[in-house]
Amino acid sequence: MKMVLILSFFLKPVLSDYVYILSPEQPYILTEFSIIEAIIREGVVYKQSSWFQYLPLTSTIYAISVGMLDSNCYHLFSSVGKESKSLNFLHYDCLDYEQKSITKFIKFIGSDNQQYSYEFDISIFEYENQWYFFQFILYPYNNRFQIILIKNEEVIKNEILDVLPFQDEIIIQQVGGDLVVLDSKLVNIANGDKFATFPGRVIPIQGDSTIKNFVQAAISLVKSRKACKCESNPISNLMDSDYFSLYQSIYSSKFQNCNQFLFTGWFKIKEIIQTDSEMTFQFIKLTSNMQNDQLQNENLSPLQLFYKLSQNLNTIIITTYSYTFPSVKLDFTNDPFLITKEFQILNNMQLWHLLYVKLEREEFSVNLKFFENRQIYEYKTSIIVKQFHQIYFKLFLGNLQKSTNNYLNIISRNLYFFNCNKDFQQQNCHISCGECDGPTYQDCISCSIESKRIYFPEYKQCICPQDTVDHDDQCLGYPDFGFQLISGEEQNDGCLYGQFELNGLCYQCPGQINSQITTCFECVQNPKDWYDNPFCNTFVYLNQDGRTTSLEQVYYQSTAKPYFIFNGVDLELCLECQKSSLTNQENINQDIAKKQELFNSFCLSKISGQQCSKCRIEYCTTCAILITGQTCLYCKGFSSLEDGICTMPSPGKIFKSETQMLKK
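Just so it is clear, the structure is predicted and the values come from calculations on it, not from any experiment. (Residues numbered from 1 in each chain as written. Predicted model: local features only at pLDDT ≥ 70, side-chain atom pairs only at ≥ 80, totals over all residues. Heavy atoms only, no water.)

S.K.: Would you take a moment to explain the environment of Asp 443 for this structure?
M.R.: Tracing the chain through its elements places Asp 443 in the loop between strand E29 (435–436) and strand E30 (444–446). We classify Asp 443 as buried; its relative accessible area is 7%. Along the sequence, Asp 443 and Cys 462 sit 19 residues apart, while their C-alpha atoms lie 9.3 Å from each other. Other than its neighbours up to four places away in sequence, Asp 443 contacts Trp 352, Cys 433, Glu 435, Cys 436, Asp 437, Gly 438 and Lys 460. (Helix = DSSP H or I, 4+ residues; strand = E, 2+ residues; numbered from the N terminus. Buried < 20%, exposed > 50% of the residue type's maximum accessible area, 1.4 Å probe, protein only. Contact = heavy atoms within 4.5 Å.)

S.K.: Got a minute to help me understand the pattern of salt bridges in this structure?
M.R.: Between side chains of opposite charge, a pair can form as their charged atoms come close. Taken as a whole, this structure holds 14 salt bridges when the rule is applied. As a salt-bridge pair, Arg 413 and Asp 242 come within 3.2 Å of each other at their nearest N and O atoms. Placement of Arg 413 in strand E28 (residues 407–418) and of Asp 242 in strand E17 (residues 241–243) is noted, with a sequence separation of 171 residues between them. Look at Asp 242 and you get partly exposed, because its relative accessible area is 36%. One salt bridge connects Glu 435 with Arg 374, and the closest N-O pair in it is separated by 2.9 Å. Of the two residues, Glu 435 sits in strand E29 while Arg 374 sits in the loop between strand E25 (363–372) and strand E26 (375–384), which places them 61 residues apart along the sequence. (Salt bridge = Lys/Arg side-chain N within 4 Å of Asp/Glu carboxyl O.)

S.K.: Looking at this structure, how should I read the nonpolar core?
M.R.: Nonpolar side chains tend toward joint burial in soluble globular proteins. Membership of the largest hydrophobic core comes to 92 residues, with the highest contact counts inside it found for Phe 263, Phe 267, Phe 283, Ile 284, Tyr 307 and Leu 355. Phe 263 has contacts with Ile 284, Leu 303, Leu 355, Tyr 356, Val 357, Leu 395, Leu 397, Leu 415, Tyr 416 and Phe 417, leaving out every residue within four places of it along the chain. (Core = buried A, V, L, I, M, F, W, Y, C linked by side-chain atoms within 4.5 Å.)

S.K.: What should I look at first to understand the state of the cysteines in this one?
M.R.: Throughout the structure, instances matching the rule amount to 12 disulfides. Bridging Cys 495 to Cys 506, the disulfide has an S-S length of 1.8 Å. The S-S bond linking Cys 495 to Cys 506 shows a torsion near -95°; that makes this disulfide left-handed. Placement of Cys 495 in the loop between strand E34 (474–476) and strand E35 (499–502) and of Cys 506 in strand E36 (residues 505–508) is noted, with a sequence separation of 11 residues between them. We classify Cys 506 as partly exposed; its relative accessible area is 30%. (Disulfide = S-S within 2.5 Å.)

S.K.: Just checking my understanding: could you explain the side chain of Asn 419 for this structure?
M.R.: Mapped onto the elements, Asn 419 comes out in the loop between E28 and E29. Only 3.5 Å separates the side chain of Asn 419 from the backbone oxygen of Phe 255, close enough to count as a polar contact. Leave out the neighbours within four places in its chain, and Asn 419 touches Cys 230, Glu 231, Ser 232, Asn 233, Ser 253, Phe 255, Gln 256, Asn 257, Cys 258, Gln 260 and Phe 261. (Polar contact = N/O pair within 3.5 Å; in protein donor to acceptor, adjacent residues only side chain to side chain.)

S.K.: Any chance you could explain the packing of aromatic side chains here in plain terms?
M.R.: Each aromatic ring pair is summarised here by two numbers: the centre-to-centre distance and the angle between the ring planes. Under the defined criterion, the tally for this structure stands at 49 aromatic pairs. Ring centres of Phe 33 and Tyr 46 lie 3.8 Å apart, and the angle between their planes is 20°; on these two criteria the pair is classed as stacked. Here Phe 33 is found in strand E2 (residues 28–34), whereas its partner Tyr 46 is found in strand E3 (residues 46–54), with 13 residues between them in sequence. When its relative accessible area of 16% is taken as the criterion, Tyr 46 is described as buried. Within the aromatic cluster, the residues linked to one another by ring pairs are Phe 77, Phe 89, Phe 108, Tyr 116, Phe 134, Phe 136 and Phe 145. (Phe/Tyr/Trp six-rings, centres within 6.5 Å; stacked < 30°, edge-to-face > 60°.)

Any functional reading would require information beyond the geometric quantities listed.
Next up, the structure:
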């Protein structure tokens, strides 16, 4: 209570503070302070404050001299004489793995020439991902100094001393960044001591020089930033891939997680290449997106998957980690963090299997299912873990050991990775299946009644009936397209499917017959009247057995629509026909003339009495005739010849060419 009275005696009302966001490229802020100028102004309050959150795997932080792997102690705040370069004040954290201790230190030399030192022990599981606040407030006119230390919203230290915390008159104060001590005035801090850049978030607070309640202001300011807000990656559905031979893929997370992730996908061993009696093949590894090999150690990997094959036993090995001390610069030789789970696979290893891995808060769960007809072989585990937070993940898949003698060719389908909490259940079967033992349309065991499909067990597929089209995974019949059946006397039973009627006779609709059958949908849809508007815009694709597989619609420019004419024997594409019937004699004569014109000799002069063809290619000076039509041999001026066509360059290029010629 006495301290509160003292504070209220000195302090004035205040304007609000604001935070200053530091970037990984410049994770520090420098300010200059003169004690002489401050003393002469009564009631002036000077302060330095910042929030710190230890996140060693969040991102790469630039360090000028001392990186986070170069020291066990991290620099938080310091005051150095501008002229003397002497260290007056130092606030830092030290992590001691051997002693299993984390200590916060505050050390300074007072204006009374006395040494002051404070130490605060931090629980090893209450340091990473926690917010710690440090602030000192100077009352220079009254020769007083206040220290505040807060953990989240818990006040650890709040004390006022009748002394100023340095001896130099003008000092440079640094928040964040690294520090190499040049000249120390502090006990137990030697010249040359190194303090690494703090790995995590540093949020200095700037603002008005007076305030009413420093503790409450600090807590209120960080409340909105204290809770991690997860932003989902824009892409969560990864590409289907076949991981054969040395092939690998890498997926990098755009946004960081908070305290969760989810990975799921279908996998199938297509082929085993094995020269040794026993082999271990690593296929999956999830790490932080940090380039240093130390930070991608398996002791810091949230997920790894190995296939281990031997003559008598097949095993799938899944590893994760749980830190026993929140440091990433340990000697991982003996795997102090690694957790390994082995599943002895009693079924066939080359079946489709579905992997589902999820980390949510401190629970790491794995579910692995193999499918064989209607039999499911399930393997699962759940582990409580301590893992680092707010990580930009990097996911590796494939032949990670780059082995050329012992490896697996693996097919992957329907892979998903979520960096934020997601209530997601992988769909077991392809939409065309009722029951299945794999994710593709070729893994069906039965067909659902709703799908209206027919099951072919020899292909393990559910296929649409012959009178329907497989469109967007639905079997659509003629009512779905608005077709009407011709019934009674109007129905022409003489023409087969895929033919049209003309003058009482049946002719084949336009199309091709090779590896698959393609036919004109407008012709098939309207066989009796198609001759009156002989145009193809949609094509039907059929299997060899006659079943419809898909529809494809083609869009043409108005001057290039493929209308047909009938020459008495076959259908022909008309070069320049507009909409008219197959038997329009004017169109037929015009089309014959146009096609014959291609084989006329060229006009050698502008005035020619003979029937000849003019070169129709723009910018062309000399043409030739091929069976496919006219082609250019020589082009005019600056135009360039390419594939028988003359192309003029853009105006900018012409100007450049002319300029170059003038220079020459």
